Amino acid sequence: MRRLSDLRPGHHVAWVTAADENDDAVMLALMRDGLERGEKVMLLVPLSARQQTLARLAETGLDAGTHLACGQLIITHQILSEPPGGLSPPQALSRAVRLECEAVLKAGFSALRIISDATWAGEELLSTRNLSRYEAELNRGLQGLPCLLVCKYDSRIVEPALL
């Protein structure tokens, strides 16, 4: 198992957790680390969690408003609204991340850090074959990109052995 401080652009991590209070602390630490390193940080959370996330950031002393205003921090619920025709979901996500990485580098950021709460994933994706295929396809699509992707899964829904 990696330590948080070991995570760097080029890593894709499936984080399986029991969804407890410590998760917020880990997510906040991942965000803070990326911001301090000059990376663009994209947090993917359910729409209902946006305000709570901003409040938690404020509690830690992080000035999210400044990072949001300059575009270094994005808190959203999706990267893609609809996958482009002919592409599988992981191919479409890889393509979107590749394009975002190009834009991030042009904007002067050192890398892209995506932290995703994958509780959005439906039962179809979370089936044994689909999830492992999805994650493997993402790994192939993200190779060589200046991107750290952390996908958080709830262990009550996803068996760690699937990943």
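Residues numbered from 1 in each chain as written. Predicted model: local features only at pLDDT ≥ 70, side-chain atom pairs only at ≥ 80, totals over all residues. Heavy atoms only, no water.

## Description of the nonpolar core
Side chains that are nonpolar tend, in soluble globular proteins, to be buried together.
Here comes step 1: Counting 21 residues, the largest nonpolar core has M31, L43, L57, L73, I75 and I115 as its most contacted members.
Here comes step 2: At the level of elements, β1 (12–17), α1 (21–36), β2 (40–44), α2 (50–59), β3 (73–76) and β5 (147–154) are the ones that each hand at least two residues to this core.
Here comes step 3: Among the elements that make up this core, the one with the highest residue count is α1 (5 residues).
Here comes step 4: Each residue touching L73, except ones within four places of it in the same chain, is listed here: M31, L35, V41, L57, A64, H67 and L68. (Core = buried A, V, L, I, M, F, W, Y, C linked by side-chain atoms within 4.5 Å. Buried < 20%, exposed > 50% of the residue type's maximum accessible area, 1.4 Å probe, protein only. Helix = DSSP H or I, 4+ residues; strand = E, 2+ residues; numbered from the N terminus. Contact = heavy atoms within 4.5 Å.)

## Some points on helix α4 (residues 89–106)
Here comes step 1: Here α4 contains 18 residues, and its C-alpha end-to-end distance of 26 Å stays within 8% of the 26 Å for a straight helix at 1.5 Å per residue.
Here comes step 2: Within α4, the full set of buried residues consists of P90, A92, L93, S94, A96, V97, C101 and V104. (Expected span 1.5 Å × (residues − 1).)

## Brief notes about the sheet that holds strand β4 (residues 112–117)
Here comes step 1: Strand order in the open sheet made by the 5 strands is β1-β5-β4-β2-β3, with parallel pairing throughout. The sheet is open, and its two borders are formed by β1 and β3, each paired with just one other strand. Averaged over neighbouring strand pairs, the angle between their axes works out to 15° when direction is ignored.
Here comes step 2: Contacting β2 and β3, α2 crosses the sheet at an angle of about 145° to β3.
Here comes step 3: Each of β2, β4 and β5 is contacted by α4, which is oriented at about 140° to β4, the strand it contacts most. (Pairing = 2+ DSSP bridges. Axes fitted to C-alpha atoms, helices over the stretch in contact; angles between N-to-C directions.)

## Observations regarding the pattern of salt bridges
Here comes step 1: Evaluated as defined, the whole model comprises 6 salt bridges.
Here comes step 2: Among the salt bridges present, the one from R32 reaches E36, with a minimum N-O distance of 3.9 Å. Of this pair, R32 and E36 both sit in helix α1, separated by 4 residues, roughly a single helical turn.
Here comes step 3: The class of R32 is partly exposed, set by a relative accessible area of 26%.
Here comes step 4: With a closest N to O distance of 2.8 Å, D33 and R37 form a salt bridge.
Here comes step 5: The class of R37 is partly exposed, set by a relative accessible area of 33%.
Here comes step 6: A cluster of three or more residues bridged by salt bridges with shared partners is formed by D33, R37, E39 and R113. (Salt bridge = Lys/Arg side-chain N within 4 Å of Asp/Glu carboxyl O.)

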